[in-house]
Amino acid sequence: MSLALSTLLFEWRRYMAAVMALALSGLLVLAMTGVFIGIGKGFTATIERSSADIIIMQPGAKSLIGGPSGVPRRFIPLTYNHPAVVEVQPLDGAGGTFQSIKEVDPTRSQADRAKQGAPRQKFVQSSIIDTTPGSVTIPTDYSRELVDALRQPYTVAVDETALKTLGVKLGDKALYNGQTVTIVGVTRGYPNMMQPGVVMSRDTLRMVGQADTGPRVGPLMIKLRDPSQATIVAAQLNEMGKGQWKAWTRQELADANAGAMFEEGILVIIIGGCVVLGIIIGVAITWQTLRGAIMANIKEFASLRALGVGMGSLRRIVMELSFWVGLVGVGAAILLTWILSLLARSNAVIIAMPPLLLIVVGGGLIAISMLSGFLSMGILKKSQPADLLR
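Residues numbered from 1 in each chain as written. Predicted model: local features only at pLDDT ≥ 70, side-chain atom pairs only at ≥ 80, totals over all residues. Heavy atoms only, no water.

### Description of the layout of surface pockets
- Empty space within the largest pocket amounts to approximately 630 Å³.
- As for the largest pocket, its lining consists of 31 residues, and the residues nearest its centre are F43, T46, Q125, S126 and S127.
- Going through the elements one at a time, α2 (12-48), β4 (93-100), β5 (121-129), β6 (155-159) and β9 (197-201) are the ones with two or more residues in the lining of the largest pocket.
- Looking at the lining of the largest pocket, the element that brings in the most residues is α2, giving six residues. (1 Å grid on protein atoms, 1.4 Å probe; cavity = no way out; pocket = protein on both sides within 12 Å on 5 of 7 lines; lining within 4 Å. Points joined across faces, edges and corners; volume = space filled by probe spheres on them. Helix = DSSP H or I, 4+ residues; strand = E, 2+ residues; numbered from the N terminus.)

Next comes the structure, spelled out in structure tokens:
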């Protein structure tokens, strides 16, 4: 074991402030960036978890949440001209008011009814699935029982994080745009912090009068015979379309959706501010902590110099120590962010932690720690062997 690592292990209390400073700096950046990515994933979870291998949108669309995504209905039969395509369904959805229905006891007085509270009413975003077994619009994590339940008329499913907001539970009845619906399912992993969402069948959406029957439909969800050929088929469909549409693989669209969140100027400013603040906090506290720890061990460094260890070797020990402090800080930052994400998910907030974000932030924290170690090396000049004789 190296001297730097053994020093960190046996005198970890001296370096805890530096580790926590790096962890909190990383938490600040990871949490803020993860929230914005998570907002986008909340909007696009239905597509990203669908059985679709390819999604067709307008050529001008840069992502599902940026630019026009709807296409003419006549594109549906055109896509069947490719032999690899087995199913094409347009994605449909709408929005409306959702009001819970509370049982009212007719024997109660008007004052008692007032104490019971008015029914909750919220504006919700509705999305659809086709209840045909194996349909391309059914998310991969939907159970067969949930699909069978949504096959019944005037039935909806609600994400578990929206139950409290909407004031309903499994089996309750509610009003959707004034029409009675029944909550027959509870989904998990589809939180939406901006607006609660409900899922219903395409038939139910038509029954409540919101089905899109015009010449334009939503993005086209396409299932292939061989999903492994999605990239090749998407390129071929783009050639067939001759610029009329753009075909995306599901992964390409997911990456585009994540990147679209950072095209908003205000988000870049907020995240940039968090990064700058995190760097200032991380460098200042880590630098002072490492400087204080080295000063506390100055006699040990002086002893090493008395034994013939050069200043270059001592500097390498400090830089290695800074590296290990940074590495521990990265682990602590990821752990704290993961714990925070669990708490946030229960309140319909997604904190996404894609691998690229973890790599970038982790590398930044280690760089901050190494910079702090570099700034602390000047204290080594006080490690004079003659001081040991005093």
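### Digging into the UniProt feature "transmembrane region" (unreviewed entry) in the protein chain
- UniProt's feature table lists "transmembrane region" (unreviewed entry) at residues 15-39, 266-287, 321-344 and 356-380, given in the numbering used throughout.
- The annotated region residues 15-39 carries 100% helix and 0% strand content, and the separation between its end C-alpha atoms amounts to 36 Å.
- Helix makes up 100% of residues 321-344 and strand 0%, whereas the separation of the span's terminal C-alpha atoms amounts to 34 Å. (UniProt positions renumbered as here; feature names shortened; annotations may be inferred.)

### Quick look at the sheet that holds strand β12 (residues 246-249)
- One open sheet holds the four strands; their spatial order is β3-β11-β1-β12, and the pairing between them is antiparallel. Each end of this open sheet is capped by a strand with a single partner; those strands are β3 (85-90) and β12. For this sheet, the mean inter-axis angle between neighbouring strands, taken without regard to orientation, is 25 degrees.
- Pairing between β3 and strand β11 (residues 220-224): five bridges, direction antiparallel. The residue bridging V88 from the neighbouring strand is I222, located in β11.
- Packed on one face of the sheet, helix α8 (residues 230-241) meets β1 (54-57), β11 and β12 and runs near 175 degrees to β12. (Pairing = 2+ DSSP bridges. Axes fitted to C-alpha atoms, helices over the stretch in contact; angles between N-to-C directions. Contact = heavy atoms within 4.5 Å.)

### Some points on the nonpolar core
- Core analysis: the largest hydrophobic core is formed by 22 residues, its most contacted members being Y15, L22, V325, L357, V361 and L365.
- Elements with a contribution of two residues or more to this core: α2, α10 (265-296), α12 (311-345) and α13 (355-376).
- I76, A84, V88 and V217 belong to the second-largest nonpolar core, a separate cluster that totals 18 residues. (Core = buried A, V, L, I, M, F, W, Y, C linked by side-chain atoms within 4.5 Å. Buried < 20%, exposed > 50% of the residue type's maximum accessible area, 1.4 Å probe, protein only.)

### Remarks on the environment of M20
- Locating M20 in the fold gives a position in helix α2.
- By relative accessible area, which is 33% here, M20 ends up partly exposed.
- Remark: the alpha-carbon pair of M20 and A333, spanning 313 residues in sequence, is separated by 8.3 Å.

### Looking at α8
- With twelve residues, α8 extends 16 Å between its outermost C-alpha atoms, agreeing within 8% with the 16 Å of an ideal straight helix rising 1.5 Å per residue.
- Those residues of α8 that sit buried are A230, V233, A234, L237 and G241. Within α8, the buried residues cover an arc of 105 degrees as seen down the axis, which keeps them to one side. Exposed side of α8, more than 90 degrees from the buried face: T231 and E239 are the residues found there.
- For α8, the secondary structure elements touched by its buried residues are β1, α3 (75-79), β11 and β12.
- Phi for K242, located one or two positions after α8, is positive at around 50 degrees. (Expected span 1.5 Å × (residues − 1). Arc of directions from axis to C-beta.)

### Overview of the pairing of β1
- Across the two faces of β1 the burial is the same, with I54 and I56 and I55 and M57 all buried.
- Pairing of β1 with β11 involves three bridges; the strand directions are antiparallel. Note that in β11 the partner of I55 across the bridge is M221.
- Sheet analysis places β1 next to β12, joined by four bridges and oriented antiparallel. Among the inter-strand pairings, I56 is bridged to a residue of β12, identified as A247.

### Some remarks on α13
- Helix length check: α13 (22 residues) gives 31 Å between terminal C-alpha atoms against 32 Å at 1.5 Å per residue, within 8%.
- All buried positions along α13 are accounted for by L357, V361, G362, L365, I366, I368, S369, S372, G373 and S376. Each buried residue of α13 sits inside an arc of 155 degrees when the element is viewed along its axis, so together they form one side. Exposed side of α13, more than 90 degrees from the buried face: L356, I359, V360 and F374 are the residues found there.

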